[in-house]
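# Coordinate inspection notes
Each chain is listed here by its residues.
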Amino acid sequence: MKFETLAIHAGQEPDPATGATVVPVYQTVTFTQDAIGEDRGFVYSRSGNPTRAALERCIAALEGARFGLAYASGMAAIAGTMQLLRAGDHVVVADDLYGGSHRLFSKILPNFGVRFSYVDATRPAAIEEAFEPATRLLWIESPTNPMLRLIDVATCAEIARRHGAWLVVDNTFATPFLQNPIALGAHVVVHSTTKYLGGHSDVIGGAVVVDDAALFESLCFAQNTTGGVPGPWDAWLTLRGTKTLAVRMRQHEVNARRVAEALRGNAQIAAVHYPGFADHPSHEIARRQMRGFGGIVTIEMRDGEAAARKLCESTRLFSLAESLGGVESLIGYPFLMSHAAFSPEEKRAKGVSEAVVRLSVGLEDADDLCDDLLQAIAQCR
Ligand SMILES: Cc1ncc(COP(=O)(O)O)c(C=O)c1O
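A short tour of the structure in this document, coming up. (Residues numbered from 1 in each chain as written. Predicted model: local features only at pLDDT ≥ 70, side-chain atom pairs only at ≥ 80, totals over all residues. Heavy atoms only, no water.)

Here we come to the site of the ligand. For the ligand, the set of nearby residues contains 13 residues, the closest of which are M75, D170, S192, T194 and K195. T194 places a polar side-chain atom, nitrogen or oxygen, 2.6 Å from an oxygen atom of the ligand. The contact in question runs from an oxygen atom of the ligand to an N or O atom on the side chain of K195, over 2.7 Å. Considered on its own, the ligand offers 390 Å² of accessible surface; in the complex 90% of this is hidden by protein. With 3 residues, the single largest contributor to the shell around the ligand is helix α3 (residues 74-82). For the shell around the ligand, the residue count by class is 3 nonpolar, 7 polar and 3 charged. (Near = heavy atom within 4 Å. Polar contact = N/O pair within 3.5 Å; in protein donor to acceptor, adjacent residues only side chain to side chain. Areas by Shrake-Rupley, 256 points an atom, 1.4 Å probe, with all protein chains shown as cover. Helix = DSSP H or I, 4+ residues; strand = E, 2+ residues; numbered from the N terminus. Nonpolar A, V, L, I, M, F, W, Y, C, P; charged D, E, K, R; others polar.)

This part covers the nonpolar core. In this structure, L263, V297, I299, M301, L311, V357 and L359 are the most contacted members of the largest nonpolar core, which totals 65 residues. Ranked by residues supplied to this core, first place goes to helix α10 (residues 245-263) with 7 residues. Contact partners of L263, with chain neighbours within four places excluded, come to I269, V272, I299, L359, L373, L374 and I377. The next biggest cluster of nonpolar side chains, apart from the first, holds 29 residues, and it includes L69, F105, L215 and F216. (Core = buried A, V, L, I, M, F, W, Y, C linked by side-chain atoms within 4.5 Å. Buried < 20%, exposed > 50% of the residue type's maximum accessible area, 1.4 Å probe, protein only. Contact = heavy atoms within 4.5 Å.)

What follows deals with the sheet that holds strand β10 (residues 319-320). The strand order across the open sheet built from 5 strands is β8-β9-β12-β11-β10, with neighbouring strands paired in mixed fashion. Both outer strands of the open sheet, β8 (269-273) and β10, are each paired with one neighbouring strand and no more. Relative to strand β9 (residues 296-301), β8 is paired through 4 bridges, and the arrangement is antiparallel. Bridge assignment links I269 to a residue of β9, and that residue is M301. The strands that helix α12 (residues 304-312) touches are β9, β10, β11 (330-332) and β12 (356-360); relative to β9, the one it contacts most, it runs at about 135°. (Pairing = 2+ DSSP bridges. Axes fitted to C-alpha atoms, helices over the stretch in contact; angles between N-to-C directions.)

If you trace the backbone, Q179 turns up in the loop between α7 (175-178) and β6 (188-192). The exposure class assigned to Q179 is buried, which follows from its relative accessible area of 0%. Leave out the neighbours within four places in its chain, and Q179 touches E63, S142, V169, N171, A174, L184, Q289, M290 and R291.

It is worth spelling out the pattern of salt bridges at this point. All told, the structure shown has 16 salt bridges when counted by the stated rule. Between D89 and R136 there is a salt bridge, with the nearest N and O atoms lying 2.9 Å from each other. Taken together, the residues D89 in the loop between α3 and β2 (90-94) and R136 in strand β4 (residues 135-141) connect sequence positions 47 residues apart. Judged by relative accessible area, which is 10%, D89 ranks as buried. Classification of R136 by relative accessible area gives partly exposed; the value is 25%. For the salt bridge of R264 with D279, the shortest nitrogen-to-oxygen distance reads 3.1 Å. On the criterion of sequence distance, the pair formed by R264 in the loop between α10 and β8 and D279 in the loop between β8 and α11 (283-289) is long-range, its members being 15 residues apart. Beyond isolated ion pairs, a larger network of salt bridges with shared partners links E128, E158 and R162. (Salt bridge = Lys/Arg side-chain N within 4 Å of Asp/Glu carboxyl O.)

Here we come to the packing of aromatic side chains. The final tally for this structure, using the stated rule, is 7 aromatic pairs. Between F3 and F177, the aromatic rings sit 5.2 Å apart at their centres with planes inclined by 70°, giving edge-to-face as the arrangement. On the criterion of sequence distance, the pair formed by F3 in helix α1 (residues 3-9) and F177 in helix α7 is long-range, its members being 174 residues apart. Pair check on accessibility: F3 and F177 agree, each one buried. Both rings, one in F105 and one in F116, keep their centres 4.9 Å apart while their planes meet at 10°; by these two values the pair is stacked. One end of the pair, F105, is in helix α4 (residues 99-108); the other, F116, is in strand β3 (residues 115-119), with 11 residues separating them in the sequence. Three or more aromatic residues joined by ring pairs make a cluster, and in this case those are F105, F116 and W139. (Phe/Tyr/Trp six-rings, centres within 6.5 Å; stacked < 30°, edge-to-face > 60°.)

Buried residues dominate β4, accounting for 6 of its 7 residues. Sheet analysis places β4 next to strand β5 (residues 166-170), joined by 5 bridges and oriented parallel. By the bridge assignment for β5, L137 is matched with W166. Tracing the backbone out of β4, into helix α6 (residues 153-162) and back to the parallel element β5 gives a crossover that is right-handed. (Right-handed = clockwise from strand over helix to strand, strands pointing away.)

Across a sheet, paired strands are connected by hydrogen bonds in the backbone, their directions being either parallel or antiparallel. Here 7 strands make up an open sheet; going across it, the order is β1-β7-β6-β5-β4-β2-β3 and the pairing mixed. The two strands at the open ends of the sheet, each matched to only one other strand, are β1 (67-71) and β3. Neighbour to neighbour, the strand axes of the sheet diverge by 20° on average, direction disregarded. As paired elements, β6 and strand β7 (residues 206-210) share 5 bridges and run antiparallel to each other. Its bridge partner lying in β7, H191 is registered against A207. Helix-sheet contacts for α4 involve β2, β3 and β4, and the interaxial angle to β3 is about 135°. Together, β1, β5, β6 and β7 form the strand contacts of helix α8 (residues 213-226), whose direction differs from that of β1 by roughly 20°.

With that settled, consider helix α2 (residues 50-62). Turn by turn, an α-helix covers 3.6 residues, leaving residues three or four places apart pointing in a common direction. The end-to-end C-alpha distance of α2, which contains 13 residues, comes to 18 Å, matching closely the 18 Å that a straight helix rising 1.5 Å per residue would cover. Among the 13 residues in α2, 11 count as buried, and that is most of the element. Contacts made by the buried residues of α2 are with α1, β1, α7, β7, α8 and α9 (232-243). The N-cap residue of α2 is N49: its side-chain oxygen and the backbone nitrogen of T51 are 2.9 Å apart. A positive phi of about 70° marks G64, the residue just after α2. (Expected span 1.5 Å × (residues − 1).)

Next up, the structure:
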């Protein structure tokens, strides 16, 4: 079945108890057993819940893999994945990553004896050099946040496999509509479903997808033990959002391209980063491993911090807010928002300077969005 069909039907058969066409919200902690040890597939909602199971099966199908787990947030999904590791393990991390992941990797997990090496993952030789005998995992995001660089997933998968390690890809920005890392050789895919999968900025959630049964067992054990699960309402809202992922992603991309083109060449803007531009440094990788270029546009203001801050505070349709991937357009200042967990030197080294502004282009009319940005930019002179 094709993507649009899976999004609406995978894991979403009519309810076996009532025939309800839409998966119901199973708002229950526990499930009555027919006899001791005889249950009907569900026992206790931390271990499994039918609404959550529908979401998990749907996201797994969209990623082209066999197994999915839904979590209470993207960070819970990332923390759950890291519970595959043990003290003494080493992780190679692409240094261009979400600030919250960096916070977990630098402030929490080292306390448990896990070590991390950061590399510029656009350079395969740098990844290769960072591997040690104890390396169990290579962690990447592609496209990266907020500079929209692409990492070659197949090359990373090949390096990880050769070293007996797992490749984990945070696929939040691309979504399964545009990119399926497991088909490119990755072992684990993580999502903040808070973003495009949920799609309406009304529910926090996360997901992990794997195709390997042993990895799935380990992740289920860790999740059931540590408990970072979403409630049934949140699972239901995320599943409702996921049904329309394809139509939303197509329009996000149309609007993002319109915005990127409207801003390119503006005298007050030093650079417009959008992987859909043929002269974007990662354009060829994007064409190879993605089916489109997504809905995020990142710009750099010529007059630096003052202009970037003024822009963020002068838009009327673009809301100044954390997050991305919802139907409404958001504007963000990565230096002090998504990337607050990095030191100023680390941010600048990755190009996340005080002049950078990130746009999550929503589904409003593209002319209105361009007009809004242009009126705000005019105020930055
Ligand atoms: C790429 C990426 N991964 C993970 C997360 C964390 O997700 P959540 O906020 O749902 O915990 C985010 C949040 O912004 C993100 O952008």
